[in-house]
Amino acid sequence: MQLSLEQEAKIKELMAVMTLDEKIGQLNQASVSIVGGFDVPFEELIEMMTDGRISQDEFHKIMATTIKDYHEEEIKQGLVGSMMVQNPATSNRLQRIAVEESRLGIPLIIGLDVIHGYKTVFPIALAEAGSFDRDLLKRTAQMAAKESRADGIHWHFAPMLDVSRDARWGRVSEGGGEDPYLMSQFAKAKVEGLQNDQSSHLNYVAACLKHYVGYGAAEGGRDYNTVTMSESLLRNVYLAPFRAAVEAGAATVMAAFNDMNGVPCTVNRELLTDKLRYEFGFDGFVVSDANAIRECVAHGIAADEADAGAQSLNAGLDMDMGTEIYLNTLKESLAAGTVSIDTIDQAVERILRVKMWLGLFDHPYVEEVENDDLLEVNRALALDSAKSSLVLLKNKDDLLPLAKETKISLIGDLANMPSEVAGAWAISFREKDCVSLVDGITKEFPNSRYFEVGGLETPINEAALQEAFDYADVVVLVAGELVSMSGEATSRATISMPGQQSQLFAALEKLNKPSVAVLMNGRPMAIEKEVDQVDAIIEAWHLGIEMGHAVAQTLSGQNNPSAKLTVSFPRVSGQCPIYYNHPNTGRPAGRSKFTSKYMDVSHEPLFSFGYGLSYSSFAFDNVNLEETEDQILISLDVENLSQRDGQEVVQVYVTDKVGSLVRPVKELKAFEKVSVPAGGKESLQLVISKQDLGFWNNQGDYCLEDGDFVFEVTNGHYNTIKFEKTIQF
Ligand code: GLC
């Protein structure tokens, strides 16, 4: 993080005059609780809004009221360094107290969960990473930064970089899926999008890499559960995106709730300091996850809150989110000698540097504008991102796209729930901005009708279903999960279709009319049966405010689907965890009984990472591989054999055939998305640095081992060309 000499001097001056209370105040992100009778942490407030126990307006009122009654005095005394706020008036009010009424006038850093868009909500990360479009990933982050900074939010608790191989874990929705290379590219694009446009202080925010580290490997896919893994797995898979994002200049990191091999990340010095700072070169600040310092007592790693606070600070955790343990115990710990003033100073300085880098000392306030309708340019990007993120999984006999005059019967409760398009962790959007699938499809197909047949939260209405079937040329079923079924604290042991939705698939199988399923979900689902019961399937995830238009334009062919899966789909829940880049084992699944497989279900996924169809078909011609001193260059022509403009994602997977550790059967090492006009051909080149053909061993060494490698060039299903090459490093 580069600061000017003047800025560095300003920080030194402040450090020299700050009292101990003021220093500890900077380490304190005040918790948010509800005044008036009950005390609810922020994330539960989110949940209450998500599942409808409180409305959005009530949520905003609570946020404003809470903070007014709960922290103004502390801010005035310089005892608060950060808050979570999500409206400009509150942000300005609190900031004025910090800047104009406290002794030193140090501005607050205002953070918020802006995970996939602020008011303009984009697809959930699990979907958007599937666009395999680095530039798009960066542009949506850039827009989210600008939109939220204008509201006085300086810090996003994003991007979420938890590689996840287990769909039972509901937070798989928040990150870029199961592959460390794709997640690393996602990480880089997001950090650059959030932070790099510093042409004005209103154009950028601080990114926050979370949850550092290994949270996605929670045992059993159960949220907050214990995590155990080898050093080589930690480094090759779970740390990789964080290393990439630190190299991209990320300003902050959030420590994860979970333990890593018995040491909670919150107090894990080897992770927070040795790896993150000394090895990766991270120079920003680390914040705990909500309430996580207090939870070190429950973990059984700290005897009491003071012990938890001292261990956290000494491990390299700079800011306390929501417990005020730093505020209430660090002076006592300092006196007891369990923390040093140098450690406190170091944490304070890291936080002041990020505040300075954000321009908060010069620009602490924002303009409070009345009219806050979404800009057309925002909507346009939301639509573009949504169209680029949905995956065509099945299209029997090219049923799709459908002619605009098709009589469509649209069924499925989720189709008529506008706010459900926003997905998990969308907390700042307005329902009025959301386009439901009913909105989108009835606009795109004048002869389409929506039939309230129930099946998700209410029993199926057989009469309405029959009416739908009688009317239809084609039935479109929207099925999947409510937003409240994915995201934090939503682990499900059985990831099949909730409610009676499976019965709707079964009814479609019996109906001898063409049928399409549009999946609306935040995780892969175990739909082995359902997949055979309909003719076409679009995996639409939660695509954000423009979801209705994106799905409708895909059904009509105005949009040619181009995304790929970022996670493998299990056939049944019992296959979890399931992922493509697995080791081979000594007995890879085969005909013999005595090989690694199940007796009752195939060992193969229902759909694999990297898979996705298009309305176009493409040929890969002139595929060539060339080795230079430092790189592997793969060049090819992609020809569009159809009469429809389309895009293809060329992927290169590498297999290291023999290593000093068992290696994955294959690993994604390069990808490029290419647009090819109808009947046209585009040439492209993909580059793999030989340095990336190595791996970390369990001693923490990076190994580049001579040997035979296979390079597979593919589009995720029919186009696959392989090269075998002996590489000498
Ligand atoms: C939550 C989440 C984290 C979020 C934080 C603040 O518990 O784990 O992702 O950023 O608290 O809301």
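That block above? That's the structure.
What counts, and at which threshold
- Residues numbered from 1 in each chain as written.
- Predicted model: local features only at pLDDT ≥ 70, side-chain atom pairs only at ≥ 80, totals over all residues.
- Heavy atoms only, no water.
- Phe/Tyr/Trp six-rings, centres within 6.5 Å; stacked < 30°, edge-to-face > 60°.
- Helix = DSSP H or I, 4+ residues; strand = E, 2+ residues; numbered from the N terminus.
- Buried < 20%, exposed > 50% of the residue type's maximum accessible area, 1.4 Å probe, protein only.
- Lys NZ or Arg CZ within 6 Å of the ring centre and 35° of its normal.
- Pairing = 2+ DSSP bridges.
- Axes fitted to C-alpha atoms, helices over the stretch in contact; angles between N-to-C directions.
- Parallel < 35°, antiparallel > 145°, perpendicular 65-115°, else oblique.
- Left-handed = near helix turned anticlockwise from the far one by under 90°.
- Contact = heavy atoms within 4.5 Å.

## A short note on the packing of aromatic side chains
Taken as a whole and assessed by the stated rule, the structure comprises 18 aromatic pairs. A ring pair is formed by Tyr212 and Phe242, whose centres lie 5.3 Å apart and whose planes are at 75 degrees; its orientation type is edge-to-face. Within this pair, whereas Tyr212 is found in strand β5 (residues 208–212), its partner Phe242 is found in helix α10 (residues 240–247), the two being separated by 30 residues in sequence. In this structure, Tyr212 and Phe242 share a single accessibility class: buried. By the ring-pair criterion, three or more aromatic residues cluster together here, those being Phe132, Tyr181, Tyr580, Phe609, Tyr653 and Phe671. For the cation-ring pair, Arg235 lies above Trp696, with the distance from its terminal atom to the ring centre recorded as 4.5 Å.

## So, the sheet that holds β5
Overall, parallel pairing links the three strands, which are arranged β5-β6-β9 in an open sheet. In this open sheet, the two strands that pair with only one neighbour each are β5 and β9 (285–287). Within the sheet, the average angular offset between the axes of one strand and its neighbour, ignoring direction, is 25 degrees. When strand β6 (residues 252–255) meets β9, the two strands line up parallel, connected through three bridges. Of the residues in β9, the one forming a bridge with Thr252 is Phe285.

## Topic: the sheet that holds strand β20 (residues 667–676)
The strand order across the open sheet formed by four strands is β20-β19-β24-β25, and the pairing between neighbours is antiparallel. On the outer flanks of this sheet lie β20 and β25 (720–727), each paired with one strand and no other. Neighbouring strand axes in the sheet, compared pairwise and without regard to direction, differ in orientation by 15 degrees on average. For strand β19 (residues 646–656) and strand β24 (residues 707–714), the ladder comprises six bridges, and the chain directions are antiparallel. Across the sheet, residue Thr655 finds its bridge partner in β24, namely Val710.

## What about the packing of helix α9 (residues 231–238) against helix α11 (residues 269–279)?
Interaxial distance between α9 and α11 falls to 15 Å at its minimum, and their mutual angle equals 55 degrees. As summarised for this structure, α9 and α11 are arranged oblique, according to the angle between their axes. Crossing of α9 over α11 shows right-handed handedness. Of α11, the residues touching α9 (which contributes Glu231, Leu234 and Arg235) are Glu270, Leu271, Lys275 and Glu279.

## Examining the environment of Phe671
With respect to the element layout, Phe671 can be found in strand β20. Phe671 gets classed as buried once you look at its relative accessible area, which sits at 2%. Along the primary structure Phe671 and Phe569 are separated by 102 residues, whereas in three dimensions their C-alpha atoms are 21 Å apart. Aside from chain neighbours lying at most four places away, what touches Phe671 is Phe132, Arg134, Tyr181, Leu182, Gln185, Val649, Val650, Gln651 and Leu686.

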